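Structural overview for review
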Amino acid sequence: MSSAILKRLPLEMFWPTFDPFLFCAFHNDKYPKGDGNMESAESLVGRALGQDFAGIDGWRMYHGKKVPGFPAHPHRGFETVTVVNKGLVDHADSMGAAGRYGEGDTQWMTAGAGVQHSEMFPLLNEDSDNPIELFQIWLNLPSKSKMVPPHFTMMWHEDTPVVKELDAQGNQVSIKIVAGTLNDVKAAPCPPNSWAAESDSHVAIWIIDLPENSEWDLPAAVSGLNRSLYFFEGEEAELDGEKGHVDEAFVLKSDRKVTLKNLGKTARFLVLQSRPIGEPVEQHGPLL
């Protein structure tokens, strides 16, 4: 039988994505102690403030000049799904909403006709470091939904389902379901005009945690989907017997089961899957 792996790609900060996923950034910053004003207690000398993506000392200010993050900027015509595994995000938007979320929470924003928002990373701990780890995923909207009213949905950590399974050796594998369905377990509702709300879109956003020496079968879905598996933490694993390494992406046949076997320390994977929208996309800055 031919391999279920169609393509292998390296992972950097911005990950390769496929229709309808437009963009995926993995922010993994080991921020230092805060100074009491949500800013870094360490000097910012030598950083390109306003455009700091260099990763000096393992962290970035991004477009922030005092507090790291992304000050007010616009989006239109697609959705942002921000999954925060670790740390906190301060959100404010042009609709008058503001709040703080993180530590397992997800914010799902349908930009639709247009919204301006900011996403800043407050350094609250003064006695310890302030690490942050998050995915920002851009999910396209079909042309019929490009100009829908903006909508925000919060998926709190405690309301986000996690499927737990034991492998043959008794290791517990965990799969966090941000979008989609696994073993009849459904994700929390997404925004009403999302592509993921379409019954036949087959959108899945899953985070898989494989303990040392464990294995798990990624189940087959229907054919014709774009399905990508991102190996973002760990050391080495096998996919149906083919060795893969951390910081690799695997484009998979969607209608094939794939057995994942962890060969090192705890391995973590992100799954992005969907039926493609199949419409042309033109990008101008943050607008589509």
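The following refers to the structure shown. (Residues numbered from 1 in each chain as written. Predicted model: local features only at pLDDT ≥ 70, side-chain atom pairs only at ≥ 80, totals over all residues. Heavy atoms only, no water.)

**Structural notes on the overall build of the protein**
- Across its full length, the protein holds zero helices and 23 strands.
- Relative to the compact-globule value of 19 Å for 288 residues, the protein shows a C-alpha radius of gyration of 19 Å, a close match.
- With the principal axes as the frame, the protein shows a C-alpha extent of 55 × 45 × 30 Å.
- Counting the 288 residues in the protein, one finds 50% classified as buried.
- For the protein, contacts bridging at least 24 residues in sequence account for 73% of all contacts bridging at least 6. (Helix = DSSP H or I, 4+ residues; strand = E, 2+ residues; numbered from the N terminus. Rg over C-alpha atoms; globule rule 2.2 N^0.38 Å. Buried < 20%, exposed > 50% of the residue type's maximum accessible area, 1.4 Å probe, protein only. Contact = heavy atoms within 4.5 Å.)

**Focus: the sheet that holds strand 12 (residues 162-166)**
- Read from one edge to the other, the open sheet built from seven strands follows the order 1-21-18-23-16-13-12, with strand pairing classed as antiparallel. Whereas interior strands pair on both sides, the edge strands pair on one side only; in this sheet they are strand 1 (5-10) and strand 12. Direction aside, the axes of adjacent strands within the sheet are offset by 20° on average. (Pairing = 2+ DSSP bridges. Axes fitted to C-alpha atoms, helices over the stretch in contact; angles between N-to-C directions.)

**Considering the environment of Gly180**
- You can see Gly180 is positioned in the loop between strand 13 (172-179) and strand 14 (181-182).
- Overall, the relative accessible area of 23% leaves Gly180 in the partly exposed class.
- Separated by 22 residues in sequence, Gly180 and His202 place their C-alpha atoms 6.7 Å apart.

**Let's talk about the sheet that holds strand 6 (residues 88-93)**
- Ordered in space as 4-9-6-7, the four strands form an open sheet in which the pairing is antiparallel. Two strands close off the open sheet at either side, each with one partner strand: strand 4 (69-75) and strand 7 (98-102). Geometrically, the sheet is characterised by an average inter-axis angle of 20° between neighbouring strands, direction not taken into account.

**Points about the pattern of salt bridges**
- Under the criterion given, the structure shown has 10 salt bridges.
- With a shortest N-O distance of 2.9 Å, Arg47 and Asp52 are connected by a salt bridge. Asp52 shares its class with Arg47; the two are buried. (Salt bridge = Lys/Arg side-chain N within 4 Å of Asp/Glu carboxyl O.)

**Quick notes on the environment of Gly114**
- As for its placement among the helices and strands, Gly114 is situated in the loop between strand 8 (106-110) and strand 9 (115-120).
- Taking relative accessible area as the criterion, Gly114 reaches 31% and is therefore assigned partly exposed.
- Put simply, Gly114 and Phe232 are 118 residues apart on the chain and 32 Å apart in space, counted from C-alpha to C-alpha.
- In this view, Gly114 contacts His75, Arg76 and Pro150; residues no more than four positions away in its chain are not counted.

**A closer look at the nonpolar core**
- Counting 26 residues, the largest nonpolar core has Trp15, Trp108, Phe135, Ile137, Ile205, Leu270 and Leu272 as the members making the most contacts within it.
- The set of elements that each furnish at least two residues to this core consists of strand 3 (21-31), strand 5 (78-86), strand 10 (130-140), strand 13, strand 16 (204-210), strand 18 (226-233) and strand 23 (267-274).
- In contact with Ile137, other than residues within four places in its own chain, are Phe21, Phe23, Cys24, Glu79, Thr80, Val81, Ile205 and Leu272. (Core = buried A, V, L, I, M, F, W, Y, C linked by side-chain atoms within 4.5 Å.)

**Structural notes on the pairing of strand 9**
- The buried fraction of strand 9 amounts to five of the six residues, a majority that puts the element mostly inside the structure.
- One ladder, built from five bridges, connects strand 4 with strand 9; its direction is antiparallel. Among the inter-strand pairings, His75 is bridged to a residue of strand 9, identified as Val115.
- Pairing of strand 6 with strand 9, which is carried by four bridges, proceeds in the antiparallel orientation. Across the sheet, residue Ala92 finds its bridge partner in strand 9, namely Ser118.

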